[in-house]
Amino acid sequence: MRIIYLTFTWDSKMLRSAKILRVLPVFSRNIHTFSPVITRTQRECNGFSKKISFSIFRNVTTQSQSFKSEEQTNILPASSNPTKGRKTPKLSLDKALYRLDLDVKRTGRISKRDVLEVYNEVLRLGSVTSSQALMLIRCCGEFLPEELPSERTVLVNSIWRTFEETATPLDISHFNALLKIYLENGHKFHPTEFLAKLEVKGLEPNRVTFQRLIAGYCETGNIDGTGKILEHMKATELPINENVFNSLITGHSRTNDMESAVNILDIMRNAQLEPSADTYSALLCGFAEKGDKENVLKYIEDGESHGVYLMDRDVLEVIYTLTIHGHTDHIHQLLSRLRRLTGYNQDAYNVVLRLVNAGQDDVAYTILQTMTRGTMPDGTLAPVGYFFLKQLVNMERPVEKILAIAHDLKEKQLNEFALSKLTEAAFSFNRLDHAKAFLYAMREQGQSIRTHYFWPLLVAYGKQGDRAGIIDTMKMMQDMSCAITFETIADYVLPYLEGSDPLDLISDVQELGYQLVPVVSPIVAHLLYQSKVDEALAIMQKYPVKLFSVQLVRPLVSAYIKTGQLNECMQLLQYMVDNTADSRERRFAVDYVGQFLLEYVKLKNADNLDELLKAMASKGLRISSPTTEQLHQLMKGQVSQSVAQLLDGMVTSQIELPALESSGSFTTHPRDMNVEELESHLLELRNKSMNVRGVLRHLLITHCRLKNKERALEIKKELDLEGFRYSGGMYAVLMEMATSMNDLPLAMQYKSQMEMTAPEFIVDAHKIINLASLMLENDQLSDVASMLLEYSHKMGDTKIKEPLQNNIWRLLNTQAAKGDVEGTRVLSDIIFDKNFAVPSNQLMGALVKAHLVKNDIAGAIETYQGCVTKHKFTPWKNELFRKLIEQEDSENLQKVIDLSSSVHGELNTLFELACAFLETDRVKQAKKIIDTPGLRARMDRIENYCERCVRESKLTVLENLVTITKDMPDIDRNVVFYQLLRAYRKVGDWQKALDVWTAIQEEGVMPHGQTLRYLAAFLQECKQPVPFEVPSEIEAEYRPQTSQAQKQGQGQSQLLSLVEMRDIEGAISEKHRCDEAGRHLTIKEYSNLMDLMLQQDRLNDAVALSSEMAQHQLYPFPPVLKFLLSRMNMMGNVEELLQLQKMLPDEVQRRVSFTRHLNVAYINSGRAEEVLNGLESPSTLPDDARYSGLLYLLRKLPEHLPRVEKLASTAHPHLYRTIWSYHMIDERYDSADSLIQAHPEVLDGLRVAPICKEALSNNNEALMLNLLERIKGRDRIGCAVILSYLVNLQCHNRDYDGALNTVMNRSKEAGVELFELRVAPLNALKRSLEAEGRTVPFEIPKASEHRSADKQLSSDSSSDSSGDSSSDSDTEKS
């Protein structure tokens, strides 16, 4: 790595711009290398060494990163929900900063919303660490392309003032970062004032400071000021680099002195510093400001003639400069020069935003259309342009213009969903007039409008206190046929109508023609939270509709505790129980009285519980038995006799609750003890004079495996004295220990004893291979070959299942290291022919290595070519590369490259070749390879290579790698800088280590806390001052310590990681970032995110997410979709379910019993009549789908039984099964039997699982037995289902005799074979019997025997069941 030190000859003439160019050639008199600071990087060249020409560079395929545009996302911005917003709970500051860091690395930009979130957290905490402050400063510049530069400057100044007010420790790196932000934002500052501030702070400016002060002067064309800075740098012997020359070009351009700007190129070359693409880009932008198209094109050609090719971001910068200076007629020729290489879309994204900010929408739209489109999961092209549309809305462009662009996007088939995206953007920026216009435009285009689209409008008007606006929005919803839901009123209307009469809202809703069910419940809840019990009761009595009781339990408890109005609260509770619109899904308890008591006890313990229970009992309120148990647990057994009696008197079995699961037990066995426990157990047995032989045996095996040779031999000696007879397996363990200790005679002794003791015993293959390696080290090749052949013969046709790759590699490498080509070949033939292992890249490397050790290049290449041709492997490739490069054997090197490319592709081969050039000190060639178009960073490989350089003390190679990869796409510079610090610490060079910190500032890299702590520790070791605040360990809580930690997570995305952390806010934010970056979520990401939303009661977000998926023909995993539908039907979300139904294919609907969920939703929303009306109309649905949910209807609303009976007697005889099941569940056996007598076909094809589930949840064994008696002899599969549930229930009740009787006797009486029962209950019974020391008189059927039975059982029941197979073996593994 090189940096230019320039010794100046100064005079007064230098302070004039024209004279600087005359003295700059003098700078080149004294150039020497010093530190890892990068002077500049030539980012792309063509050609190669004159002596070696590689066709791969001519044929390399350019790979552009596809721009994966946005899918349909939830139109509701995350910030518009007042109760479920991003600020609850507070995000960790480090966690939020880590996310910002990830966004910068991934896309090069972040959102102002995220920055403000972090800033607000800083204000809340009142303090911030040094590294956190540095990160926050860096977020206020070019990483915010959506914001105007002036707004970014205001933000950074505000943040800086906060740092000063909170006495945040600031060092020179913070001031340098502030300078960089000023430059990026085009903010004019006074360098002299800035230096004065540093002096006041007692901080010494470094070379980065002066480089940026020079840049500041040059941006304003102040060449005289630049000269003063250069004079100071000369006096203090500070080096200059390419950045200074680039700034001088800009400075001369600002003074219209383009001749002097051009002359800088020659001065750089005279100083032996080749101009880079950055240099040419600065010059081209100077010409672009003047509209000098001819010189722009001329110097593009000039750069290419010198081997400097502009990257796409450079061309885009020139286009931007032309545009903002009014020269848009010149951009088309430059657009044709865009190659759209890797990373183009992200560069174009940022330029488009900057152009919109500058009012150049047309040019921005032109560039947008050059971006590469991604593909959807179904292979179709993804929509594009969301970020562009969003920025147009943010900049408040006229609605007509925005709609025209959206229409054009649709006409060109670039974005079918532009309108919905515009609406979302309008909400997020609070552009209400735009949002309304977009909603009406969506309706005109026939797009569906949903309730949650209006929530942001309601919130916006609510925050303004505009009641008329809220009512108008509700009227707009009515006009667009959107239903009002519980959430709409509770979360988006009532919180903003404080002080108004709820009756007025009910009147308004009635006038609009809405039903009152979703309105009354949230109003009652709202009043209860305000402790207005009388008003809540009055509204309930005036409007006696069904209530969403599950939502009212907690507010009712709160109201009762605050007011003590017992009678009124009990009236409300009784009404809730009798008139609930909630679902009875097993996921959610429906014991409302019990839930009330649990909530009360959690808050008030047992205070006044007697009075409360008496009031409940007087109202005839009941609770479930499990609730009683939970109450006793909450009160920790301190229950008075009167309370206990009252609770017992209120218990009923008629309340449905989820089934409980039984737990098994296990005992620890000595074989599961660790060595310390075994030694203690041995001592204990000896103290009791008991037999210790078994423990000694376990100890011997354990110490052998731990390689505790001395202790193992002591135990063996003790066993020998007792005449212990060793098994073949124990000798094998002893042999392995001796092998690992390199004791060949002892290992061979144990091998002989093993073969004598157990001739038929087959030792593990890895033990034989390891022994063979030890024998090879002792030059016993022939004996090794014989032993391996003998072992293979003994194995016969048995396949070796052990992973032996590493063991066999050590074996082959031992022989290859001797240069014994023939011996290595013989061993390889045995290994592969006798199926010890299959050929692999690693194992076949030994064959190539043997040739290279002998310096037989021809033989090595011939062997290499054979491996590529026959097996598609490239063994020992990097060693071949290095050898051929050192020998300058271009012909054979080209051959190896071509062979490697045929297997791994050109780009992968290029990276490996670049590493080989670095290791052979051919840096220029390595740099040219790194600059190959399409070559991207593979951080796992780069980090592994860096670590190898540190481990092998290849410091120069590592320095060169850091230099040439500076502009490599996707590279994590923190990783390579950290590895460089490790290398310098290893050699004790603290000066160069400190220069790494300066280089980090020059590149604008955000240093990780780990990097700074490591450097600080090294400086302290060397007794040197640390020029920065050292971050604490806590700051790295959410940041991987090294990218190796990231490698472990590469199998899953950041979103999935956040979901696993149950960080719902972070996951939703990550989803928004993916949408904005154009990355499509996978089905797994969608499903896991939706599941987390549902678990955390974010039903609305989950519904919106499902709609987004369905619009793109993606569907959640069935369990997640069922979970979603259950929550929706519980809340009675009929309209949302109907919308979702239109998007789901029939197959998906059948898989999740969609019709049942829809029917239940109708029932829970007080619209049961519509379900029954539907049965009276013709339908194409199968009967099972039409009748699903009717058993729930009868259980919830028994008053509809006569009508259901009438339907059954007329056109729907299948309903008799539902009626019969209803009678059975309610234990009206006489009615059930009468129905069978009248309609015996009821029992044909009856689904018994719902009845069994009810019996299981209510612990009702009698119901199961009654059910079994009625279908015995008619439905064998149904009997198997009942018997399985019965065994489960009896095991739960610890009635193991009864369960055993069910398995052994009742099943036979019902004609059910053991294999037809479910495996899980049988396993539970088996474990329970064994735990009590009883014999198990049956065997668990094998999985194969269950295959057909499981299919039949699953057709009868949709409940969860799983086969459980286990195998216990006492066979000792050797």
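Residue positions are given per chain, counted from 1 along the sequence in the order it is written. Thresholds applied to this predicted model are a pLDDT of at least 70 for local features of residues and 80 or more for the giving and counting of side-chain atom pairs; totals over whole chains, interfaces and linings are not thresholded and use all residues. For side-chain calculations, the full set of non-hydrogen atoms in the structure is used, while hydrogens and water are omitted.

Caption draft 1: Layout of the overall build of the protein. For the protein, the count of helices and strands is 75 helices and 2 strands. Buried means the residue's accessible area, taken with a 1.4 Å probe over protein chains only, is under 20% of the maximum for its type, while exposed means over 50%, and partly exposed covers the values in between. Classification of the 1374 residues of the protein by burial places 57% in the buried group. What makes two residues a contact is simply this: any of their non-hydrogen atoms within 4.5 Å. Summarising the internal contacts of the protein: among those between residues at least 6 apart in sequence, 73% fall at separations of at least 24. Under the convention used here, a 1.4 Å probe and the Shrake-Rupley method define accessible areas, while residue burial counts only the protein chains that appear. Split by element, the accessible area of the protein, about 58,700 Å² in all, is 47% carbon and sulfur. Think of it this way: any DSSP run of H or I at least four residues long counts as a helix, any run of E at least two long counts as a strand, and we number them from the N terminus.

Caption draft 2: Examining the nonpolar core more closely. Only buried Ala, Val, Leu, Ile, Met, Phe, Trp, Tyr and Cys residues count toward a nonpolar core, and they belong to the same one when joined by side-chain atoms within 4.5 Å. Counting residues in each nonpolar core, the largest one holds 267 residues, and the members touching the most others are I367 and M616. Sorting elements by how many residues they give to this core places helix α48 (residues 906-919) first, with 9 residues. Among residues more than four places away in sequence, those in contact with I367 are L316, I319, L335, Y344, A348, V351, V352 and L355. L1081, L1089, C1252 and L1300 belong to the second largest nonpolar core, which has 103 residues in total.

Caption draft 3: Molecular detail of the environment of F917. As for its position among the elements, F917 is in helix α48. On a C-alpha basis, the gap between F917 and K927 in space is 9.1 Å, while along the polypeptide they are 10 residues apart.

Caption draft 4: Layout of the pattern of salt bridges. Each reported salt bridge corresponds to a side-chain nitrogen of Lys or Arg within 4 Å of a carboxyl oxygen of Asp or Glu. Summed over the entire model, instances satisfying the criterion amount to 53 salt bridges. Here R269 and D266 are joined by a salt bridge, their closest N and O atoms 4.0 Å apart. Pair noted here: R269 and D266 are both in helix α12 (residues 258-270), with a separation of 3 residues, about one helical turn. Its salt-bridge partner being R397, residue D361 comes within 2.5 Å of it at the nearest N-O pair.

Caption draft 5: Summary view of the packing of aromatic side chains. Any Phe, Tyr or Trp ring, taking Trp's six-membered ring, that has another such ring centre within 6.5 Å forms a pair; planes under 30 degrees apart are called stacked, those over 60 apart edge-to-face, and the others tilted. Under the defined criterion, the tally for this structure stands at 16 aromatic pairs. Between W160 and F175, the aromatic rings sit 4.9 Å apart at their centres with planes inclined by 75°, giving edge-to-face as the arrangement. Linking W160 in helix α6 (residues 149-165) with F175 in helix α7 (residues 172-184), this pair joins segments that are 15 residues apart in sequence. No difference in accessibility class separates W160 from F175, as the two residues are buried. On the numbers, 5.2 Å between centres and 65° between planes, the contact of Y978 with Y1014 is edge-to-face. Pair noted here: Y978 is in helix α52 (residues 973-987) and Y1014 is in helix α54 (residues 1009-1021), with a separation of 36 residues, a long-range link. Comparing Y978 with Y1014 shows no difference in burial state: the two are buried.

Caption draft 6: Looking closely at the side chain of K390. Looking at where K390 falls in the secondary structure, it is placed in helix α19 (residues 386-394). With a relative accessible area of 11%, K390 lands in the buried category. Excluding residues that lie within four positions of it along the chain, K390 makes contacts with E146, A425, F429 and E1076.

Caption draft 7: Looking closely at a negative patch on the surface. Note that patches include only residues with greater than 30% relative accessible area and no salt bridge, and the join distances are 9 Å for like charges and 5 Å for nonpolar side chains (Val, Leu, Ile, Met, Phe, Trp, Tyr). The charge count includes Lys and Arg as positive and Asp and Glu as negative, but it does not include His or the ends of the chains. Taken as the charge location is NZ of Lys, CZ of Arg, CG of Asp or CD of Glu. Side chains of D501, D504, D534 and E535 sit close together on the surface and give a patch of like negative charge. Position of D534 among the secondary structure elements: in helix α28 (residues 533-542).

Caption draft 8: The arrangement of helix α4 (residues 112-125) in detail. If you check α4, its first and last C-alpha atoms are 20 Å apart, about what 14 residues at 1.5 Å a residue would give, namely 20 Å. Among all positions of α4, only D114, V115, E117, V118, Y119, E121 and V122 are buried. In the segment just after α4, G126 is the residue with positive phi, at about 80°. For a helix, the expected span equals 1.5 Å multiplied by the number of residues minus one.

Caption draft 9: Examining unusual backbone geometry more closely. In the Ramachandran plot, K872 falls in the positive-phi region, its phi being about 60° despite a non-glycine side chain. We note that N1259 has phi near 55°; this positive angle belongs to a residue other than glycine. For N1259, the location among the structural elements is in the loop between α70 (1249-1257) and α71 (1261-1271).

Caption draft 10: Focus on helix α35 (residues 675-687). Taking 1.5 Å per residue as the helical rise, α35 with its 13 residues ought to reach 18 Å, and the 18 Å between its terminal C-alpha atoms agrees with that figure. For α35, every residue scored as buried is listed here: V675, L678, H681, L682 and L685. Each buried residue of α35 sits inside an arc of 115° when the element is viewed along its axis, so together they form one side. Away from the buried face of α35 by more than 90 degrees, exposed residues E676, L683 and N687 are located. As used here, the arc is the angular range of directions from the helix axis to the C-beta atoms.

Caption draft 11: Inspection of the packing of α19 against helix α20 (residues 399-411) at higher detail. Axis angles are defined between N-to-C directions and span 0 to 180 degrees, where every axis is a line fitted to C-alpha atoms and, for a helix, only to the segment in contact. α20 packs onto α19 with a crossing angle of 170° between their chain directions and a minimal axis gap of 10 Å. The angle between α19 and α20 places the two elements in the roughly antiparallel class. Contacts between α19 and α20 involve F388, L389, L392 and V393 from the former and I402, I405 and L409 from the latter. Amino acids are sorted into nonpolar (Ala, Val, Leu, Ile, Met, Phe, Trp, Tyr, Cys and Pro), charged (Asp, Glu, Lys and Arg) and polar (every other residue, Gly among them). When the residues that make up the contact of α19 with α20 are grouped by side-chain class, the tally is 7 nonpolar, no polar and no charged. Reported orientations rely on four angle classes, namely roughly parallel under 35 degrees, roughly antiparallel over 145, roughly perpendicular from 65 to 115, and oblique for the rest.

Caption draft 12: Molecular detail of the environment of I405. Along the chain, I405 falls in helix α20. The spacing of I405 and L392 is 13 residues in sequence and 9.9 Å in space, taken between C-alpha atoms. Look past the residues within four positions of I405 in its chain and what remains in contact with it is Y365, F388, L389 and L392.

Caption draft 13: Representation of the side chain of S521 in the model. Note that S521 resides in helix α27 (residues 517-529). Beyond its immediate sequence surroundings of up to four residues, S521 is in contact with F486, K546, L547, F548 and L552.

Caption draft 14: The arrangement of the confidence of the model for the protein in detail. Confidence of the predictor at the level of single residues is given by pLDDT, which spans 0 to 100. Averaged over every residue, the pLDDT of the protein is 80; residues scoring 70 or more account for 85%. Every residue in residues 1-91 scores below 50 in pLDDT, and together they form 302 contacts with partners more than four places removed in sequence or on other chains. In the predicted structure, residues 584-589 sits below a pLDDT of 50 and forms 18 contacts with residues beyond four places in sequence or in another chain.

Caption draft 15: Region of the structure containing the packing of helix α68 (residues 1215-1225) against helix α69 (residues 1229-1238). Direction vectors running N to C along α68 and α69 enclose 155°, while the axes themselves pass 7 Å from each other. On the basis of the axis angle, α68 is roughly antiparallel to α69. By crossing handedness, the relation of α68 to α69 is classed as left-handed. When α68 is examined against α69, the residues Y1216, I1219, W1220, H1223 and M1224 are found in contact with a partner set consisting of Y1229, S1231, A1232, D1233, L1235 and I1236. In the contact of α68 with α69, the residues fall into 8 nonpolar, 2 polar and 1 charged. Crossing handedness follows the turn of the near helix against the far one: under a right angle anticlockwise gives a left-handed crossing, and clockwise gives a right-handed one.

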